[in-house]
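Letter by letter, the chains look like this.
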Number of protein chains: 2
Amino acid sequence: MSRPQPLSGFPELLPRQRIVEQQVVEHLGRVFELHGFANIQTRAIEPLDQLLSKGETSKEVYVLRRLQADADGGDAGLGLHFDLTVPFARYVLENSGKLNFPFRRYQIQPCWRGERPQEGRYREFWQADIDVIDQGELPAHYEVEVALVIADALRGLPIPPVRMHVNNRKLSQGFYQGVGIEDTEAALRIIDKLDKIGPDAVAKLLVDEVKASPEQAEACLNLASISASDTSFVGDIRALGVTNDLLEEGLTELAAVVEAANEAAPGFVVADMKIARGLDYYTGTVYETVMEGYESLGSICSGGRYDKLASDGKNTYPGVGLSIGISRILVPLLQAGKLDATREVPTCVLVAVANEDERSNANALAQRLRRRGVPTQVSPSAAKFGKQIKFADKRGIPFVLFANEEGTQIKDIRSGDQETIDVDQWDPPVQDLYARIVTG
Amino acid sequence: MSRPQPLSGFPELLPRQRIVEQQVVEHLGRVFELHGFANIQTRAIEPLDQLLSKGETSKEVYVLRRLQADADGGDAGLGLHFDLTVPFARYVLENSGKLNFPFRRYQIQPCWRGERPQEGRYREFWQADIDVIDQGELPAHYEVEVALVIADALRGLPIPPVRMHVNNRKLSQGFYQGVGIEDTEAALRIIDKLDKIGPDAVAKLLVDEVKASPEQAEACLNLASISASDTSFVGDIRALGVTNDLLEEGLTELAAVVEAANEAAPGFVVADMKIARGLDYYTGTVYETVMEGYESLGSICSGGRYDKLASDGKNTYPGVGLSIGISRILVPLLQAGKLDATREVPTCVLVAVANEDERSNANALAQRLRRRGVPTQVSPSAAKFGKQIKFADKRGIPFVLFANEEGTQIKDIRSGDQETIDVDQWDPPVQDLYARIVTG
């Protein structure tokens, strides 16, 4: 085997980078559980027909076959999931008789899309999703709650400040109806491109593809230009002079989300009428989140309310959820050296070995520290003491323990301080017990 | 969408089962980190040529293609990994300049094999691997250490007693050489089938496929019948009267493993000469682990020493590792109801809502409990109090909090006990804070 090359679009982390990712993932899981979300994991693989029926990403699906599949392809029809929402909806339908509704779950897993790789966009990427799904009706207060859970989760991370931009599909689609546009879903998909292609190209697409008049296109762009960190957007939209029942519903719902979010997490949410989301299945509030200084990554946490994603004919299961792009946030920050760990191993103490005959004594000492929760490993060889210190130093292990005629001694290899200890009593300083994230 | 059906071989867990799996995985990670193993994750996808060059599972690999791949198949040549050892060896080679050796890592991820599903054998399954890999030479004491880490990890789990069966490839291959068999690797692969097909069929295969005489086949079976929980196996093997240098090396190494393991984890390891392992790359100690009462599942934790798996031409990276079959252990125990959780949600406290106008007060109360580490959710609706209690009861949430004119009251819905509390002071009993695993 010659030295293998990385696969473009499949980022992998070095051990010290992985410590950062691990702690981020643990933090997210802890916050979600504090809010009563239960964890599930779904299989990586879904029937292709499910994957292909859900929105614009279908063309990027990875299809599977067994190497030794029958020639008749009896094994075909499976692919890797491209998000966690579609598998979750399938899981809910499959297990609806065994779940209690409203069902709150979080899910942290990789997804796969065969996209052209670029910064923040990978072929294999990790997402952390929360959703609340109900049977029949889903109360609107969940559209506020999921945003607040995300505020709690993201604000505890060592990343640049983030802001969530919210809109409501009813508001936009009602407005488009109000100005006389028929294919409001197509109009939404075009408005979704605004940041990428600019207002002129959007206006042209609206005219060309949804047969909007130049005046209608301008009205759509006027709406998209409105944003506010409070409910003042309601007046701004009313001033555009469009009336429509669906628009009114959307205005009321969005105002409620902005108001409640401002009360609980001031400054986190901003109403932004250009947010549309590319996926067809959203029907109410939609969310996108931008990280300050990293706007070019696009949204690092997106989602929305979906009323019709899951239905088994007898019941429908409306839901609302948000998805944090763990890889999209972390891989660029790690690659730029903005995030690092204090060491590359979990180990807090290295037990030195004076000669190989004493290895089992060293193992026993190490085990006593582990019983008390101190991550400990034993030196790989009975090399000179200086070499064993160097071994610890290279990995960032802060302490070396050794037994000699004077008893058991611990050395802080950063300061050189050394003291005689009782291994059943000694505790490392709290900040040294585990590796920590450092920002740079 | 009609109700979807499960995919055979792709087990998924209900929320309360997933709590069990989560706690098992957390326990394993905690033990591995206490022993100084760093976590890594590798991509799910490897180049097909890598996957197909490593042993007998190659025929069960899932091959990938992008749905919209070019007609020339420029995208081809990728597959899902079938274990975590092959990706780990590739990761080590790819990053060898950035890693410090010996490198101790653990990895907990799903793997995929297109096998016929049966109990304990799935098409998607989770494994937890530990390995120590070095550059150039790997000291033999790691062959003891990885077994002891696994002893620590498995003994802390709420599963039936387990026992690790160890052998050494040098011992078996040296013995086969000593009796005059040439293709010792083929002989090993045949002996590996002993439990499945029995001694007569094994003898026949040895005669037919490696051209053993009936006497040579009998000698191999005699060796395979030897096992001992101490080093008495050395005398038993010597009594067979075969002499060979490689055999002697193997005897010495295996005796050292058994002796050291017996000292540190009495009763965990048994020397068992019929253990061979199917994979070609093992070169020293090999391990299999059986769970009492679940022998039919086969080995729930296997591995071995491999000297030649990873080499970049300039350096070789010998290693030793073990892999715990998380799905193989847990799915049968969960499906049989032997393991369960005390509740199906992380939630410890449900905050009741008297009417919708008070939802934001309820949210604020909940947030104060969360700040103190108590998993809390707010009632989905301002239903009658009895209905809110029932909501908690159905999910196993032990406490309901409500605010009235007398202050903030907490009710233990199991006992009915109710008391006025200060939410900034109150702590639930330790055993109620998180869901716990119960065995049945």
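Here the structure is a predicted model, which means the values were calculated and not measured. (Residues numbered from 1 in each chain as written. Chains lettered and ligands numbered in written order. Predicted model: local features only at pLDDT ≥ 70, side-chain atom pairs only at ≥ 80, totals over all residues. Heavy atoms only, no water.)

Novice: Before we move on, can you summarise the overall build of chain A with the specific residues and values?
Specialist: Of regular secondary structure, chain A possesses 14 helices and 19 strands. By principal-axis analysis of the C-alpha atoms, chain A measures approximately 90 × 60 × 45 Å. Burial status across chain A gives 60% buried among its 440 residues. Residue pairs in contact within chain A that sit at least 24 positions apart in sequence constitute 69% of those at least 6 positions apart. Working note: accessible area of chain A is about 17,600 Å², and carbon and sulfur atoms make up 47% of it. (Helix = DSSP H or I, 4+ residues; strand = E, 2+ residues; numbered from the N terminus. Buried < 20%, exposed > 50% of the residue type's maximum accessible area, 1.4 Å probe, protein only. Contact = heavy atoms within 4.5 Å. Areas by Shrake-Rupley, 256 points an atom, 1.4 Å probe, with all protein chains shown as cover.)

Novice: Tell me about the interface of chain B and chain A, and name the residues and values.
Specialist: Listed per partner, the contact involves 93 residues of chain B and 93 residues of chain A. Between chain B and chain A the total buried area reaches about 7,900 Å² when both faces are included, carbon and sulfur atoms providing 55% of it. Joining chain B to chain A, the criterion identifies 4 salt bridges. Viewed at the interface, chain A and chain B are joined by 40 residue pairs in polar contact (both at pLDDT 80 or more). In terms of residue class, the side of chain B that touches chain A is built from 40 nonpolar, 25 polar and 28 charged. (Buried area = accessible area lost by both parts, 1.4 Å probe. Salt bridge = Lys/Arg side-chain N within 4 Å of Asp/Glu carboxyl O. Polar contact = N/O pair within 3.5 Å; in protein donor to acceptor, adjacent residues only side chain to side chain. Nonpolar A, V, L, I, M, F, W, Y, C, P; charged D, E, K, R; others polar.)

Novice: Explain the pairing of strand S5 (residues 103-112) of chain A residue by residue, including any values.
Specialist: Residues and elements named next belong to chain A. Counting buried positions along S5 yields 10 of 10 residues, so the element is predominantly enclosed. Because side chains alternate across S5, one face comprises the buried residues Phe103, Arg105, Gln107, Gln109 and Cys111, and the other comprises Arg104, Tyr106, Ile108, Pro110 and Trp112, equally buried. Both S5 and strand S6 (residues 124-133) contribute to a ladder of 10 bridges, which runs antiparallel. Bridging across to S6, Arg105 finds its partner in Asp131. (Pairing = 2+ DSSP bridges.)

Novice: I'd like to hear about the sheet that holds strand S16 (residues 399-404) of chain A, residue by residue, with values.
Specialist: Residue and element names in this part refer to chain A. Taken in spatial order, the 5 strands make up an open sheet running S15-S14-S16-S17-S18, and their pairing is mixed. Among the strands making up the open sheet, the edge pair consists of strand S15 (376-378) and strand S18 (418-420). Put simply, the sheet's adjacent strands are angled 25° from each other on average, direction ignored. Of the strand pairs in this sheet, strand S17 (residues 407-412) and S18 are connected by 3 bridges, and their pairing is antiparallel. (Axes fitted to C-alpha atoms, helices over the stretch in contact; angles between N-to-C directions.)

Novice: Describe the domain arrangement of chain A, naming the residues involved and giving the relevant values.
Specialist: Residues and elements named next belong to chain A. Segmenting chain A into domains produces domain 1 (15-340) and domain 2 (349-439). Each of domain 1 and domain 2 has a C-alpha centre, and these two points are 48 Å apart. Among the residues domain 1 hides against domain 2, the three largest losses belong to Gln23, Pro158 and Asp340. Together they make up 61% of the total. The interface formed by domain 1 and domain 2 holds 0 salt bridges in total. Joining domain 1 to domain 2, the criterion identifies 2 residue pairs in polar contact (both at pLDDT 80 or more). Of all the secondary-structure elements, those providing two or more residues to the side of domain 1 that touches domain 2 are helix H1 (15-34) and strand S13 (339-341). Considering every element that reaches the side of domain 1 that touches domain 2, the biggest residue donor is H1, with 4 residues. The residue makeup of the side of domain 1 that touches domain 2, split by class, is 5 nonpolar, 1 polar and 2 charged. (Domains from an automatic or database assignment.)

Novice: Would you mind going over the pairing of strand S10 (residues 285-291) of chain B in detail, with residue names and values included?
Specialist: Each regular strand carries side chains that alternate between the two faces of the sheet. All names here are of chain B. Counting buried residues in S10 gives 6 out of 7 residues, a clear majority hidden from the surface. With 7 bridges connecting them, strand S7 (residues 162-168) and S10 associate as antiparallel partners. The residue bridging His165 from the neighbouring strand is Glu288, located in S10. With 2 bridges connecting them, S10 and strand S11 (residues 301-311) associate as antiparallel partners. When the bridges of S11 are listed, Tyr287 appears paired with Gly303.

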